[in-house]
Amino acid sequence: MSDSNKKTAPNKLIYESSPYLLQHAYNPVDWHAWNAETLQKAMNENKMLLISIGYSACHWCHVMERESFENTEIASVMNAHFVCVKVDREERPDVDGVYMNAVQLIHGNGGWPLNAFALPDGRPFYGGTYFRPEQWMELLNRIVELFRKSKPDLEKQAVQLTKGISQDVLIKPLKEKVSFNRTLLEEAYKKWNYSFDLTNGGYRGAPKFPLPNNFSFLLRYYVLTGNDDLLDFLNLTLSKMASGGIYDHLGGGFARYSVDASWKVPHFEKMLYDNAQLISLYSKAYLFTKNRMYLKIAEETAHFVMRELTSPEGLFFSALDADSEGVEGKFYVWTAKQFSEILGKNAELMGDFFGINGEGFWEEDKNILVKPLEELDFSQSKNIGSATFHDLLKTSKEKLLTARNQRVRPGLDDKCLTSWNGLMIKALADLYIATENQNYIHAALKAGDFIAERLIQPDGSILHTFKNGKTGVQGFLEDYSFTIEAMISLFQVSGIEKYITLADNLAKYAVIRFYDKSEGLFWFTDEKSHDLVARKKEVIDNVIPSSNSSMAIALFKLGKIMENQDYIEIVRKNAGMMSENIKNYPTSFSNWGTLWLYLSESFFEVVVCGENALSFSVQMQQSKYPAKIVVSSKNESSLPVFKNRFQEGKTFIYVCSGNVCQQPVETVAEALKQMNGD
């Protein structure tokens, strides 16, 4: 921000906790946060709302701030004619969902920064994404003129848009009983595999997003079908992602996406939700394939999160910015000269390994670290012993990381979101299953306990945010669904019953406050939420699974553990309603696909009781079969799933499916034979 444009006094965002809002606290724009007072101000003054939405790690949000929101001439127009509202899309996904939907209806697409214009009552009539300063000024003046001269036209547009926002994805009501079978998934896969990039992995074209939910479903589907072509594609995808520039080869963790088709040039921001889900994906991929590279990537990514995105309380921060010193990626890239100065005589060899001035060359004299060859293949190509090269690589990476840590670091978004923390807790539980490393489960339990103690309220509700000792924002459906899934995972890996009780209590609250009995799906917001022009249901699985599909999977697992048939009936209804979408748009309904897989296959409930229950349970969870849930108890328990199954001095494994249990056995090998039908 230039001194000439910087305000001496902050605007109202200075009182907020969101790092994104605080970034704009000294703009000359008179920004307000989204709250009842702001909305009433617009009504009282009969001013249009200008709603600008982004997030702290958003590169083009920073650009538009520098170009337009720090410009005093532009700010004066905004302040004179609008009540200007800044929204952190991560803090208020409900607000973002409404105005993003409006922009998508107008233009067919959307993104961030998101800039929407609304009547004083909040109904949107126009919007867009990034605007250059001259475009933005022209648009502001045009809208001011329309509001003055053609308000009925804006009113008409607002009515149409609000109606469109209120309509959900086309979901056909169930008119007949649905037959859950694999045929639907086979039809979905036939549509799906046409989009596979068989050269670079992922989907054809650019940009390339790691879509862990898609690939997690495909891994499960591979195990069921034994389709070798699918396994080849998944191995290609996971290997290419891990060797490209989208992965941080020094510090671990994945960037948001790559701008090219070969995973090379990342959009450098690192998001908690991406990395959490990718830890789960690579952990499962290791268990399914025994490829140790996948386990290495999962562990390095977890170490990145635990090192750089972990709060003193044990929760996990939201993101690292793409920019440092105002330049995207500056923290991560290298010149050949910098590389040489740090590594000296080993620079040429390590430069070859990381693609310096070769496959890693980016622009000007900058390089993005990539891995053209795996470690063993590279050492063999150079006639160097694998152990010697491994030690040399380890030393070189340590030197490079030490040097990089001296640079100006990207900005940290240090708010903790309950929903994303749920994803990370589950990721650590998944990694624990793959490694049996107690450090991961300890970190998961610490975060889970904090959520239980500070974010779950006495009335059974949950809060969405935590920062600097303060909680805030009533929880959304994603907070409930992801936290329930996390608590189920904690119960599975620890055997501690309080976690399944917490999960069940959250589910009961969500069914009461979020469930739409008339349609059979869950609203995104609590029934008490009144500050939006439309109440929406989220069903499309995107980079993050939809809150409805997550809730359905959570209720399915809870229904099995708690023997709650009401939960199972909700789930079956949900899945049936989504059948056409799963079949016709599988990439956008992949988490629903996983639910369908659970319902259409032989789903096993594995119950382990006795002194060795926990270790047996972990071994059972390591098995490849994807349609199962494994629970354990060392002692006698009142939970329905353990009723009449404990016997002093023995450890029994019960393998059940379709309300029928096989003879209890005392070894994991025997239980696996029962699951495999041997």
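Residues numbered from 1 in each chain as written. Predicted model: local features only at pLDDT ≥ 70, side-chain atom pairs only at ≥ 80, totals over all residues. Heavy atoms only, no water.

Chemist: Would you explain the layout of surface pockets in this entry?
Modeler: If you roll a probe as big as a water molecule over the atoms, it shows you where there is empty space left. Estimated volume of the second largest pocket: approximately 500 Å³. If you trace the second largest pocket, you find 22 residues lining it, with Lys-560, Gln-565, Glu-605, Gly-658 and Asn-659 closest to the centre. Elements with a minimum of two residues in the lining of the second largest pocket: helix H21 (547-562), helix H22 (565-577), helix H24 (590-600), strand E20 (604-609), strand E22 (652-657) and strand E23 (660-661). Here the lining of the second largest pocket is built from residues that sort into ten nonpolar, six polar and six charged. (1 Å grid on protein atoms, 1.4 Å probe; cavity = no way out; pocket = protein on both sides within 12 Å on 5 of 7 lines; lining within 4 Å. Points joined across faces, edges and corners; volume = space filled by probe spheres on them. Helix = DSSP H or I, 4+ residues; strand = E, 2+ residues; numbered from the N terminus. Nonpolar A, V, L, I, M, F, W, Y, C, P; charged D, E, K, R; others polar.)

Chemist: I tried to follow the packing of aromatic side chains on my own but got confused; where do I start?
Modeler: Both the distance between ring centres and the angle between the ring planes are used here to describe each pair of aromatic rings. Applying the stated criterion across every chain, the model contains 42 aromatic pairs. On the basis of an interplanar angle of 70° and a centroid distance of 5.2 Å, the ring pair of Tyr-598 and Phe-603 is categorised as edge-to-face. The same class applies to Tyr-598 as to Phe-603, namely buried. Taking the ring centre of Trp-263 as reference, the NZ or CZ of Lys-208 above it sits at 5.9 Å. Cation over ring: Lys-270 sits above Phe-304, and NZ or CZ is 4.0 Å from the ring centre. (Phe/Tyr/Trp six-rings, centres within 6.5 Å; stacked < 30°, edge-to-face > 60°. Buried < 20%, exposed > 50% of the residue type's maximum accessible area, 1.4 Å probe, protein only. Lys NZ or Arg CZ within 6 Å of the ring centre and 35° of its normal.)

Chemist: What's the story with the pairing of strand E2 (residues 48-54) in this structure? I'm lost.
Modeler: If a strand is regular, its side chains alternate between the two faces of the sheet. Here E2 lies mainly inside the structure; seven of its seven residues are buried. Side chains Met-48, Leu-50, Ser-52 and Gly-54 project from E2 onto one buried face, and the interleaved Leu-49, Ile-51 and Ile-53 project onto a second face that is buried too. Sheet analysis places E2 next to strand E3 (residues 82-88), joined by seven bridges and oriented parallel. By the bridge assignment, Ser-52 is partnered in E3 with Lys-86. (Pairing = 2+ DSSP bridges.)

Chemist: Quick question: what am I supposed to make of unusual backbone geometry here?
Modeler: Negative phi is the rule for most residues except glycine; trans is the rule for most peptide bonds. Trp-112 connects to Pro-113 through a cis peptide bond whose omega is 5°. Structurally, Pro-113 is set in the loop between helix H5 (93-107) and strand E4 (114-118). Although it is not a glycine, Val-473 adopts a positive phi angle of roughly 65°. Inspection of the secondary structure puts Val-473 in strand E17 (residues 470-474). Under the relative-accessibility criterion, Val-473 is labelled partly exposed at 26%. Its identity is not glycine, yet Asn-644 carries a phi of approximately 60°, on the positive side. Relative to the helices and strands, Asn-644 is located in the loop between strand E21 (628-633) and E22.

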